[in-house]
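Working through the structure, step by step
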Amino acid sequence: MNRSSDRWDPPLVTSQHPDDHPAKDTAATDVQPVPQDLLDQCAREPIRIPGGIQPHGALAVFHGPDMTLIQASANLGAVLDRPISFDGTQTLGDVVGPHTALEGDVLRWAGGRETTFLEQYQIDGRTFHVTGHRARQGLILEFEELDESERARSASFYPLLRDFLETSDGLKTVADLSAGVAAEVRTLTGFNRVLIYRFDEDWNGTVIAETGDGTLPSYLDLRFPASDIPAQARELYRLNRLRLIPTASYTPVPLVPPLCPADGAPLDLGVAALRSVSPVHLEYMRNMGTAASLSISIVIDDRLWGLISCHHAQTRYVGPQIRAACDFLGRIVAQQIAARERAAEIDERLRLKSIETELVAHLARAPGFQAGLVECASQWLALTNSAGAAVVTDGIVLSTGKAPPIDSILALSDWVRTRNIEQIYSTNCLSAEWPPGKDIAQVASGVIAIPISRLHASFIFWFRPEVVETVRWGGDPRAAKATDTSGRLHPRLSFESWKQEVRDRAQPWRQAELLSAIDFRGAIVNFVLQRAEERAQLTEELQRSNKELEAFSYSISHDLRAPFRHIAGYAELLGEEEPNLKTLSRHYLDGIIAAALSAGQLVDDLLHFSQLGRTSLRMTRIDMAKVMSEIRRSLDLDERQRAVTWDIGPLPPAWGDTTLVRQALFNLVENAVKYSREATPPRIRIRGQDRGADVLYTVEDNGVGFDMNYAGKLFQVFQRLHRQEDFEGTGIGLALTKRIIDRHGGTLEAKGAVGQGATFSFTLPKRQSTPQAAPPLAAPPLAAPPLAGGNRGLA
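As a convention, each chain's residues are numbered from 1 in the sequence order in which they are written. With pLDDT at 70 or above as the cut-off, local features in this predicted model cover only qualifying residues; side-chain atom pairs require 80 or more to be listed or tallied, and sums for whole chains, interfaces and linings still use all residues. In computing side-chain properties, one takes all heavy atoms of the structure into account and sets aside hydrogens as well as water.

This part covers the overall build of the protein chain. Strands are runs of DSSP state E lasting at least 2 residues, helices are runs of H or I lasting at least 4, and numbering of each runs from the N terminus. Looking only at helices and strands, the protein chain features 20 helices and 31 strands. Here's how the labels work: a residue is buried when its accessible area is under 20% of the maximum for its type, exposed when over 50%, partly exposed in between, all with a 1.4 Å probe on protein chains only. Burial analysis of the protein chain (795 residues in total) assigns 48% to the buried set. Taking the intrachain contacts of the protein chain between residues at least 6 apart in sequence as the baseline, contacts between residues at least 24 apart amount to 70%. Carbon and sulfur atoms provide 52% of the accessible area of the protein chain, an area that totals close to 38100 Å². Contacts are assigned to residue pairs with any non-hydrogen atoms lying within 4.5 Å of each other. Values of accessible area rely on a 1.4 Å probe in the Shrake-Rupley scheme; residue burial ignores everything except the protein chains shown.

Attention shifts here to the pattern of salt bridges. Salt bridges are identified by distance alone: a Lys or Arg side-chain nitrogen within 4 Å of an Asp or Glu carboxyl oxygen. With the rule as written, the count across this model stands at 27 salt bridges. Residue Glu341 is joined to Arg198 by a salt bridge in which the shortest nitrogen-to-oxygen separation is 3.0 Å. Note that Glu341 is positioned in helix α10 (residues 320–365) and Arg198 in strand β9 (residues 193–199), a separation of 143 residues in sequence. Note that Arg351 and Glu348 form a salt bridge whose closest N and O atoms lie 2.8 Å from each other. Linking Arg351 with Glu348, this pair stays in helix α10, spanning three residues, or about one helical turn.

So, on to the sheet that holds strand β28 (residues 683–690). Reading across from one edge, β26-β28-β29-β31-β30 is the order of the five strands in this open sheet, with mixed pairing throughout. Looking at the sheet topology across the chains shown, the edges are occupied by β26 (645–648) and β30 (748–752). Mean inter-strand twist for the sheet, computed between neighbouring axes without regard to direction, equals 15°. Summarising the sheet, β26 and β28 pair through four bridges and their orientation is parallel. When the sheet's bridge partners are listed, Ile648 is paired in β28 with Ile686. Here the axes come from fitting lines to C-alpha atoms, over the contacting stretch only for helices, and the angles between their N-to-C directions go from 0 to 180 degrees. Those strands touched by helix α20 (residues 733–743) are β30 and β31 (758–765), and its axis lies near 25° from that of β31. Pairing between strands is defined by DSSP: at least two bridges between the two strands are required.

A few words on unusual backbone geometry. Of note, the amide linkage connecting Val256 to Pro257 takes the cis form, showing an omega dihedral of -10°. Mapped onto the elements, Pro257 comes out in the loop between β13 (253–256) and α9 (279–288). In the segment running from Thr680 into Pro681, the intervening peptide bond is cis, with an omega of -10°. Mapped onto the fold, Pro681 is located in the loop between α19 (658–675) and β28. The backbone of Trp203 sits at a positive phi, close to 70°, despite the residue not being glycine. Along the chain, Trp203 turns up in the loop between β9 and β10 (205–212). Judged by relative accessible area, which is 21%, Trp203 ranks as partly exposed.

A word on α19. Across its 18 residues, α19 extends 26 Å between first and last C-alpha, which sits within 8% of the 26 Å expected from 1.5 Å per residue. In terms of burial, α19 is largely enclosed, as 13 of its 18 residues are buried. Capping the start of α19, Asp657 holds a side-chain oxygen 3.2 Å from the backbone nitrogen of Thr659, two or three residues further along. Between the first and last residue of a helix there are one fewer steps than residues, each counted as 1.5 Å, and that sum is the expected span. A 3.5 Å cut-off defines polar contacts: any pair of N or O atoms within that distance qualifies, except that in protein one atom must be a possible hydrogen donor and the other a possible acceptor, and neighbouring residues in sequence count only when both atoms are side-chain atoms.

Aromatic pairs are defined between Phe, Tyr and Trp rings, using the six-membered ring for Trp, whenever the two ring centres lie within 6.5 Å; interplanar angles under 30 degrees are classed as stacked, those over 60 as edge-to-face, and all others as tilted. Under the definition given, this model contains 13 aromatic pairs. Geometrically, the ring pair formed by Trp109 and Phe117 is tilted, given 5.6 Å between the ring centres and 45° between the ring planes. For the pair Trp109 and Phe117, one class covers both residues: buried. Between the aromatic rings of Trp415 and Trp434, the centroid separation amounts to 5.9 Å while the plane-to-plane angle is 25°, which identifies the pairing as stacked. Here the residue Trp415 occupies a position in helix α13 (residues 406–418), and Trp434 occupies one in the loop between α14 (430–433) and α15 (441–444), the gap between them amounting to 19 residues. For the pair formed by Trp415 and Trp434, the shared burial category is buried. Chaining the aromatic ring pairs together yields one cluster made of Tyr197, Phe199, Trp203, Tyr219 and Phe224. The ring of Trp109 carries Arg134 above its face, with NZ or CZ at 4.9 Å from the centroid. We call a charge positioned over a ring when the NZ of a Lys or the CZ of an Arg lies within 6 Å of the ring centre and within 35 degrees of the ring normal. Above the ring of Tyr219, the side-chain terminus of Arg193 is found at 4.4 Å from the ring centroid.

Below, the discussion takes up helix α7 (residues 174–189). Helix length check: α7 (16 residues) gives 22 Å between terminal C-alpha atoms against 22 Å at 1.5 Å per residue, within 8%. Within α7 the residues assigned to the buried category are Val174, Leu177, Ser178, Val181, Ala182, Glu184, Val185, Leu188 and Thr189. One or two residues past the end of α7 sits Gly190, with phi positive at roughly 75°.

Right, let's talk about the pairing of β31 for a bit. Consecutive residues of a regular strand have side chains that alternate between opposite faces of the sheet. The element β31 is extensively covered by neighbouring structure, given that seven of its eight residues are classed as buried. As paired strands, strand β29 (residues 694–701) and β31 are joined by eight bridges and run antiparallel to one another. What sits directly across from Val699, in β31, is Phe760. Following β30, the chain reverses through five residues before pairing antiparallel with β31; Gly755 in that reversal takes a positive phi of roughly 75°.

Moving on to the sheet that holds strand β7 (residues 126–135). Spatial strand order, β3-β13-β5-β4-β8-β7-β6: seven strands in an open sheet with antiparallel pairing. With partners counted over all chains shown, the strands left at the sheet margins are β3 (52–53) and β6 (116–123), one partner each. Where strand β5 (residues 68–73) and β13 come together, two bridges link them in antiparallel fashion. Counterpart to Ala72 in the pairing with β13 is Val256. The strands touched by helix α4 (residues 102–110) are β6, β7 and β8 (138–145); relative to β6, the strand with the most contacts, the crossing angle is about 170°.

A patch consists of residues whose relative accessible area exceeds 30% and which take part in no salt bridge; residues with like charges are grouped when within 9 Å of each other, and nonpolar side chains (Val, Leu, Ile, Met, Phe, Trp, Tyr) when within 5 Å. In this tally Asp and Glu are treated as negative and Lys and Arg as positive; neither His nor the chain ends contributes. To locate a charge, take NZ of a lysine, CZ of an arginine, CG of an aspartate or CD of a glutamate. Taken together, the side chains of Glu572, Glu576, Glu577 and Glu578 make up a negatively charged region of the molecular surface. Counting through the fold element by element, Glu572 comes out in helix α16 (residues 511–577).

Right, here's the structure in full:
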């Protein structure tokens with residue numbers, strides 16, 4: 001494997017030890033751990049501008065329309081066996097001589113659009129392989145003399161390549177294809193060992209296939225740190241897919257002049273095949289026991305996927321035609337690997353899409369998508385091949401499978417929200433990005449999160465557990481670089497197998513799984529929006545219905561008041577005109593009067609209830625102590641025959657409509673008196689508490705109480721928790737009271753127990769800087785009045 005220098009960021013490690021043999025550090029005298037500044041310097045090494053080339057060829061730079069020679073390798077004259085001058089007087093024709101078509105072909109290429117130039121030419125009776133590159137400083141031509149034996153051997157390349165193309169279709173897996181191409185490249189090049197080296201998401205490399213003759217040790221299944229091939233070196237591998245080093249002990253040939261005359265800067269040799277490599281890399285090769293190497297890049301979708309890396313124990317030169325055949329193989333293998341990976345991704349995408357379709361269909365029938373997810377837990381987990389999942393909405397967590405504790409999920413939700421993700425967040429090592437994730441690594445080292453609200457911390461999570469992995473490295477990755485006593489940087493000396501236990505990492509998420517989560521997010525967001533639209537439409541219809549109901553109630557109540565009064569009045573007149581009625585007839589007449597009065601009271605309450613939504617609030621400061629005093633005097637007059645024990649504490653003032661608030665408090669206190677009349681003695685306790693933003697008032701009695709299972713019915717019209725024969729009333733009072741409190745922006749709650757009394761609590765706001773009347777609220781749902789009997793209600 002061909003490597004340069006950079007620092008190494010290790011994964012999380014719990015234990016490590018050499019495998020089988022200790023590192024062979026016989027040449028590591030006084031080697032110290034590498035300082036960070038030297039590692040950074042190594043990562044910034046100017047490998048594109050080394051100032052020289054390898055000696056197995058020559059290089060020239062031409063500039064301008066007349067193709068003037070402006071810079072060249074110092075060996076250009078010796079390689080071409082022609083006199084070379086750098087005084088600006090020589091052109092391409094002077095360099096290659098008049099008896100070749102090279103000058104005309106290069107001029108035509110220079111005027112075209114092709115990036116590179118690749119041909120063979122006779123120059124003074126010798127055959128040269130000429131490669132051309134476009135660069136910002138001029139046109140670069142590279143010359144390599146072609147060996148006649150290689151030319152004769154090249155005729156056998158094409159049957160080999162044809163046979164590989166035919167057999168490669170039957171190699172279904174990437175591993176089989178890699179093994180096949182490694183064998184083919186070794187047959188073409190004759191190197192002692194050929195490796196297929198694949199990069200992971202962190203740019204560490206693993207040897208996934210290998211073939212060799214036993215001369216060099218096997219590296220199969222070993223992993224090498226990303227620092228062995230730093231980012232700038234990987235970029236050169238991506239741009240220039242072939243790199244040959246015939247000998248690791250070469251002396252670089254300098255460029256003349258050292259700086260390019262076109263711009264006064266070092267010549268950029270990033271695209272040149274003859275570019276001299278880093279001295280650190282050459283030392284790395286020697287430490288590996290490798291004298292020569294050839295690298296062929298595997299580039300998929302313009303990204304470096306891996307390398308075909310060839311090593312030889314002795315000096316070995318591979319000519320341009322063999323290298324071209326290897327490049328062809330590399331491109332074919334890249335296409336076939338890409339095709340296999342895409343096919344696998346497409347198959348997985350189709351499978352996950354089928355699961356998504358089934359899950360979304362179920363959610364459409366569920367009352368809420370949160371509950372629907374839990375009901376279809378297996379599909380929810382299968383959507384991303386996860387072990388656990390959770391949904392967080394408005395601080396409520398529903399989870400399934402192997403998921404973290406609720407507190408941890410809420411904390412994770414808050415942290416993910418700070419990242420302001422648009423579509424998806426994913427990681428296979430949560431603790432590396434969120435330190436508290438280490439506490440839940442056993443169930444949630446891998447996380448996918450998709451936001452389902454822009455306003456709230458609402459997310460759907462998928463979790464994967466930690467997968468403890470033992471990695472075999474090609475040498476201790478912590479010793480990838482070191483310095484000697486003089487401060488010079490050296491690569492590591494040992495490549496003995498070295499084990500490392502990696503923790504806190506989950507199986508990486510596949511692209512198909514991430515896309516599945518993104519698609520599902522779109523479905524959920526659309527589902528939520530659809531439900532929101534349905535609710536908005538329903539709210540609009542309810543508001544319209546409530547307005548119509550209020551108008552109807554007002555009209556009916558107003559129209560019925562007079563007939564009921566007439567019935568009661570005429571019945572009383574009839575009793576006065578006929579004093580000698582039978583006792584039974586008098587009983588019937590009294591029943592008519594009582595029923596008419598009761599119906600009239602019901603109509604009055606309905607009228608008040610319907611008017612409440614129409615009446616604007618007249619907000620002012622309310623002396624609640626004075627209001628309570630008036631209510632007590634009124635009730636004391638009605639309850640003269642009973643002794644009620646009053647316990648009235650301090651009542652802070654409130655802010656509201658005095659008339660309506662008095663009505664609400666009167667209803668609650670009268671209710672307390674009525675339902676405690678069987679107690680001995682009846683006790684009514686009233687308190688107030690200033691809570692800063694609002695004032696809390698409570699009315700407590702020791703009466704019959706109620707069952708909390710039916711507390712939800714208390715504030716509905718015509719809903720009673722006690723029989724009407726036991727406690728009189730219309731069943732509207734509490735509904736009216738709640739509506740008044742709602743209009744003021746307050747709250748009303750009830751607590752009680754059968755035979756232990758009841759407590760009603762309500763809040764009212766303190767004075768506002770800009771008083772505003774609250775908008776009319778929707779009326780509580782009307783229930784049909786009971787024919788006989790009933791539950792707790794108010795007169």
